[in-house]
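# Descriptive structure summary
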Amino acid sequence: MALDQADADLRPLKRLMCLGCGFSYDEALGLPNHGIAPGTRWEDVPEDWVCPDCGTRKSGFEMVEIGYAPGGAELAQRA
Amino acid sequence: MPGPSAPHSFVLRAGERGHDFIRSDGTRASYIAGHPDAFITRESSFNFHEYQSGRPGFGSMRVFGDEVFHGVGCGYNMHPHHNFLICALILEGELTHINTVGGGMVDRLRPGDYYVFSAGSGGKHCELGITGEDTSIIYVWFLPAELYLPPTYFRGHFDGRTGRHDIVQLIGEADGALPIPNDIRISRLISDAGGKYTYKPRSLSHGTYVFVLDGDLRCADTVLRRRDSTGISGVEGIDCQAAADATDVLFVEVAMTMRDDVVGR
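Cut-offs applied
Residues numbered from 1 in each chain as written. Chains lettered and ligands numbered in written order. Predicted model: local features only at pLDDT ≥ 70, side-chain atom pairs only at ≥ 80, totals over all residues. Heavy atoms only, no water. Contact = heavy atoms within 4.5 Å. Buried area = accessible area lost by both parts, 1.4 Å probe. Salt bridge = Lys/Arg side-chain N within 4 Å of Asp/Glu carboxyl O. Polar contact = N/O pair within 3.5 Å; in protein donor to acceptor, adjacent residues only side chain to side chain. Nonpolar A, V, L, I, M, F, W, Y, C, P; charged D, E, K, R; others polar. Phe/Tyr/Trp six-rings, centres within 6.5 Å; stacked < 30°, edge-to-face > 60°. Helix = DSSP H or I, 4+ residues; strand = E, 2+ residues; numbered from the N terminus. Buried < 20%, exposed > 50% of the residue type's maximum accessible area, 1.4 Å probe, protein only. Lys NZ or Arg CZ within 6 Å of the ring centre and 35° of its normal. Pairing = 2+ DSSP bridges.

### A short note on the interface of chain B and chain A
Contacts between the two partners involve 19 residues from chain B, matched on the other side by 23 residues from chain A. Buried surface at the junction of chain B and chain A, both sides included, amounts to about 1,700 Å², of which 58% is carbon and sulfur. In this structure, Arg62(B) and Glu62(A) form a salt bridge, with 2.7 Å as the shortest nitrogen-oxygen distance. Viewed at the interface, chain A and chain B are joined by 8 residue pairs in polar contact (both at pLDDT 80 or more). Partitioned by chemical class, the residues of the side of chain B that touches chain A number 10 nonpolar, 5 polar and 4 charged.

In structure tokens form, the structure reads like this:
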């Protein structure tokens, strides 16, 4: 238990955007329809993973600090 | 480290941009339309696709592409987007634009026409030159102010005769300009008689990317020729002197952030 607490990852969750097409990856939401569970850190997404919409590699994503439009997070979770 | 409002500038010459030659063959033919003989040439001012050795962007701008579709049926087959604010300005030829926004539409755009497509929560589009003449287009992509906005599409027209000898806002909040959901303005100047012009950004924390479509322009002590460009931020005004011959210039104004000083050079 103590070890779990010590290992707890307190870093804020990130959002990233594909620079090839605009598809977004949100660590908090994951991509359940693509087999990535909510809470999955970007570094834990497999290195050979590519944008499901345009095939851009992970290195072609940029971290963004942009919030959602109303209702947007729910739509993003179903992407 | 300078803040977002400290004076800062760069100059990018036409030949320093990223160059792509993309033929519609092999697996590319699913993306590039017009197989077998069509091809796209693309000059990128910022990192885009395989070109990754330039600037990452400027403010919220991530793509400034100077593209030509060559050959009948050349273009981009139907493909998806999210979030990006995608602007296209047609310089030559004709662009047939098929877009899924709002139940779907087919648009045909000629020189002077332009569009703003906010992909938001998702949309697809297809862009084709179907007349056989080369189609020359400037593509500008921006990050949005919010993710997953409802998708929108607007088109406009710039009349190079009545709009001559003035800096005319095409995209932004001005009367007659197309709206765009972020702090962005795109303006155009066409001049054929020389003259001095001053572009005034909204504040010291806004940057302006000046791109010469045609002609010569002296801009803040730098002479820019066809397809040269400069990005300037942290100034109240940008003084420009157009040459006596035909001069055609785009001004792209964006909000700068501290982060741009880190990644935007």
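Here the narrative resumes, following the displayed structure.
### A look at the packing of aromatic side chains
Under the definition given, this model contains 20 aromatic pairs over all chains. Ring centres of Tyr115(B) and Tyr153(B) lie 5.3 Å apart, and the angle between their planes is 45°; on these two criteria the pair is classed as tilted. Of this pair, Tyr115(B) sits in strand 10 (residues 113–118) while Tyr153(B) is found in strand 13 (residues 152–157), placing the two residues 38 residues apart along the sequence. For Tyr115(B), a relative accessible area of 0% puts it in the buried group. Ring centres of Tyr209(B) and Phe211(B) lie 6.4 Å apart, and the angle between their planes is 35°; on these two criteria the pair is classed as tilted. The ring of Trp42(A) carries Lys58(A) above its face, with NZ or CZ at 5.1 Å from the centroid. For Arg55(B), the ring lying beneath its charged end belongs to Phe10(B), and the centroid distance is 3.8 Å.

### Overview of the pairing of strand 2 (residues 18–23) of chain B
All names here are of chain B. Here strand 2 shows a clear split, with Gly18, Asp20 and Ile22 buried on one side and none of His19, Phe21 and Arg23 buried on the other. Bridge count for strand 2 against strand 4 (residues 39–44) is 6 bridges, and the pairing is antiparallel. Each bridged residue has a counterpart across the sheet, and for phenylalanine 21 the counterpart in strand 4 is threonine 41.

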